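Now for the letters of each chain:
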Protein chains: 2
Amino acid sequence: MSKERGSATGAGRPRDPEIDRALLSATLELLDELGYTKLTLEEVARRAGTSRPAIYRRWPGRAPLVLDAIATRLDVPSPPDTGCTLCDLDESFNVFLAAYRTIRPEVLNALYLECEPDAELKARYLETVVEPSRRAVGRTLDRAIARGDLRTDADRDQLLDLIGALVHHRALFGGHLTDAEAQSAIETLLRGAAQDYQALLDHSLALEQEHQARHGAP
Amino acid sequence: MSKERGSATGAGRPRDPEIDRALLSATLELLDELGYTKLTLEEVARRAGTSRPAIYRRWPGRAPLVLDAIATRLDVPSPPDTGCTLCDLDESFNVFLAAYRTIRPEVLNALYLECEPDAELKARYLETVVEPSRRAVGRTLDRAIARGDLRTDADRDQLLDLIGALVHHRALFGGHLTDAEAQSAIETLLRGAAQDYQALLDHSLALEQEHQARHGAP
DNA sequence: CTTTTACGTTACGACTCGTAACGTAACAGA
DNA sequence: TCTGTTACGTTACGAGTCGTAACGTAAAAG
């Protein structure tokens, strides 16, 4: 989300869109190589073949630039809806883990730290980084509730917090969560939240066997 | 954990312990007022009535100093053992929340960020900040397992991860967890992990009524 | 009285930041 | 074609913080 004041009026020399691309691309490269803390705008400009002032014409600082850069990586498809609560949760979850794993944990932590003091930046961080996963898993959860799969007294937001927190926490302190660990955690939560956990599990297993029968070795 | 090489040998002028105290105290004050990011060693020294070099004689940098400073706040008593799994978990948990709440969330986040690259510092951070709560809740969990209150297939470490992650996550992104929210989360988890959740709940409620009968208004 | 270390003061070089100044390049409208 | 506006790259500035070194002085041990 770079400034567009300049390009808004038709007058004057237009921004070179190639520079925008080169800067975002260089930023992603350097984030992977150096992390957020050691990333300097000087080096971003150098690698993009341009200059520091060119960056400041587009973004007011490092945080907004990086936010735009990683947003291009966190774009993620919608969660599935197969009617199998357990499968859908696992799946909608794995989609994010895959996206998160493409970004160094330190980057998210440091970026948030710099966004947090500014209300608008913080909102954009949350909207870009944490909300997508929350929304996708939330949608899947809502469908489960609509189907009557969850206990009526189950707290939707609390389940979201627990599961979302686990991802973030592990990303920061214990390495990224594996798909298997995520699946296991979901099962633990659902065991308490489900109306009839055994039924959900049976349904899931049945679909899995059916899938294997169709695609497995003959 | 300041350097003690100088004081180890009996020779030479001894460190002034008053300076140690003043520095740690000034650090805590400034952490509360400015947070970690804006805290400068210059200002710490100034407020402690000493000089920057005096800090570097004791700590190699900002992170180790702050780590020592907040360690003095995170010292926390042992968890209770009343035989009531639900009560003990709630209680051992609240003890920590109380300690965590005395520290700005940003401080923990920023401090970890700076400790993470250095293996030894990182280890000390984990040992100082996250392990105490993990251990205390873990001990309570182990007693619950020993009592046979939990399912035999319940994953102790996973439960710890889920609950610990929630605290950290909320501290960073959604404000500190309230006691009530923590209690509710524990109940959600235990509903799935318990051998007989209803029995645990009954036990807890019984003790609570007994407590109120003894201490309530006549 | 010598040795050793801590103390406060001052100052240094290094790094990054955000911005300003300049001449040049590219576009819109008269 | 000419004028106004904005982007571009280059260069450079002041500000802030870092980690460290140099000094003379103070306080302990032997």
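This structure is a prediction, so every number in the text was calculated from the model and none was measured.

Colleague: Looking at this structure, how should I read the packing of helix α5 (residues 62-71) of chain B against helix α7 (residues 105-115) of chain B?
Modeller: All names here are of chain B. The interhelical angle for the contact between α5 and α7, taken along N-to-C directions, is 135°, at an axis separation of 9 Å. Accordingly, the angle class assigned to the pair α5 and α7 is oblique. Viewed along their axes, α5 and α7 form a crossing whose handedness is left-handed. Mapping the contact onto sequence places R62, A63, V66, L67 and I70 in α5 and L108, L111, E114 and C115 in α7. A breakdown of the residues in the contact of α5 with α7 according to their chemical character gives 7 nonpolar, no polar and 2 charged.

Colleague: Quick question: what am I supposed to make of the pattern of salt bridges here?
Modeller: Throughout the structure, instances matching the rule amount to 38 salt bridges over all chains. One salt bridge in this structure joins A:D142 and A:R156, with 2.7 Å as the shortest N-O distance. Of this pair, A:D142 sits in helix α8 (residues 119-146) while A:R156 is found in helix α9 (residues 156-173), placing the two residues 14 residues apart along the sequence. Taking the relative accessible area as the measure of exposure, A:R156 reaches 27% and is therefore partly exposed. Residues B:E42 and B:R52 are paired through a salt bridge, measuring 3.0 Å at the closest nitrogen-oxygen approach. One end of the pair, B:E42, is in helix α3 (residues 41-47); the other, B:R52, is in helix α4 (residues 52-58), with 10 residues separating them in the sequence. Its relative accessible area of 48% is what places B:E42 among the partly exposed residues. Among the charged side chains, a salt-bridge network with shared partners connects A:D81, A:R143, A:R147 and A:D149.

Colleague: Explain the protein's contact with DNA strand D here, please?
Modeller: As a matter of local geometry, DNA strand D sits amid 25 residues, with A:G12, A:T50, A:R57, A:R58 and B:Y56 nearest to it. Here, DNA strand D places atoms within 4 Å of the protein, and 56% of those atoms are sugar or phosphate. Within the side chain of A:R15, one N or O atom sits 3.4 Å away from a phosphate oxygen of DNA strand D. In this structure, a phosphate oxygen belonging to DNA strand D sits 2.4 Å away from a side-chain N or O atom of A:T50. Every element with two or more residues in the surface near DNA strand D is listed here: α4 (52-58) of chain A together with α4 of chain B.

Colleague: What is the right way to read the side chain of B:D149 from this model?
Modeller: Residues and elements named next belong to chain B. Its place among the elements puts D149 in the loop between α8 (119-146) and α9 (156-173). A distance of 2.4 Å separates a polar atom in the side chain of D149 from a polar atom in the side chain of T85. Separated by 3.3 Å, the side chains of D149 and R147 make a polar contact. Apart from the residues within four sequence positions on either side, D149 is in contact with T85, A144, A194, Q195, D196 and L200.

Colleague: What is the right way to read the relation of the copies chain B and chain A from this model?
Modeller: The relation between the two copies of this chain is a rotation about an axis and a shift parallel to it. Taken as rigid bodies, chain B and chain A are interconverted by a rotation of 180° and an axial shift of 0.1 Å, the fit giving an RMSD of 0.1 Å. Both chain copies can therefore be described as sitting about a two-fold axis. Taking the C-alpha atom as reference, chain B places B:G192 closest to the rotation axis, 1.8 Å from it. Both copies contact each other with a shared surface, as 96% of the interface residues of chain B are interface residues in chain A too.

Colleague: Looking at this structure, how should I read the protein's contact with DNA strand C?
Modeller: For DNA strand C, the set of nearby residues contains 25 residues, the closest of which are A:Y56, B:G12, B:R13, B:T50 and B:R58. Each atom of DNA strand C within 4 Å of the protein belongs either to a base or to sugar and phosphate, the latter forming 56%. Contact distances for DNA strand C include 2.5 Å between a phosphate oxygen and a side-chain N or O atom of A:Y56. Contact distances for DNA strand C include 3.2 Å between a phosphate oxygen and a backbone N or O atom of B:D16. If you list the elements that add at least two residues to the surface near DNA strand C, you get α4 of chain A together with α4 of chain B. Partitioned by chemical class, the residues of the surface near DNA strand C number 9 nonpolar, 8 polar and 8 charged.

What counts and how
- Residues numbered from 1 in each chain as written.
- Chains lettered and ligands numbered in written order.
- Predicted model: local features only at pLDDT ≥ 70, side-chain atom pairs only at ≥ 80, totals over all residues.
- Heavy atoms only, no water.
- Axes fitted to C-alpha atoms, helices over the stretch in contact; angles between N-to-C directions.
- Helix = DSSP H or I, 4+ residues; strand = E, 2+ residues; numbered from the N terminus.
- Parallel < 35°, antiparallel > 145°, perpendicular 65-115°, else oblique.
- Left-handed = near helix turned anticlockwise from the far one by under 90°.
- Contact = heavy atoms within 4.5 Å.
- Nonpolar A, V, L, I, M, F, W, Y, C, P; charged D, E, K, R; others polar.
- Salt bridge = Lys/Arg side-chain N within 4 Å of Asp/Glu carboxyl O.
- Buried < 20%, exposed > 50% of the residue type's maximum accessible area, 1.4 Å probe, protein only.
- Near = heavy atom within 4 Å.
- Polar contact = N/O pair within 3.5 Å; in protein donor to acceptor, adjacent residues only side chain to side chain.
- Least-squares fit on C-alpha atoms with pLDDT ≥ 70 in both.

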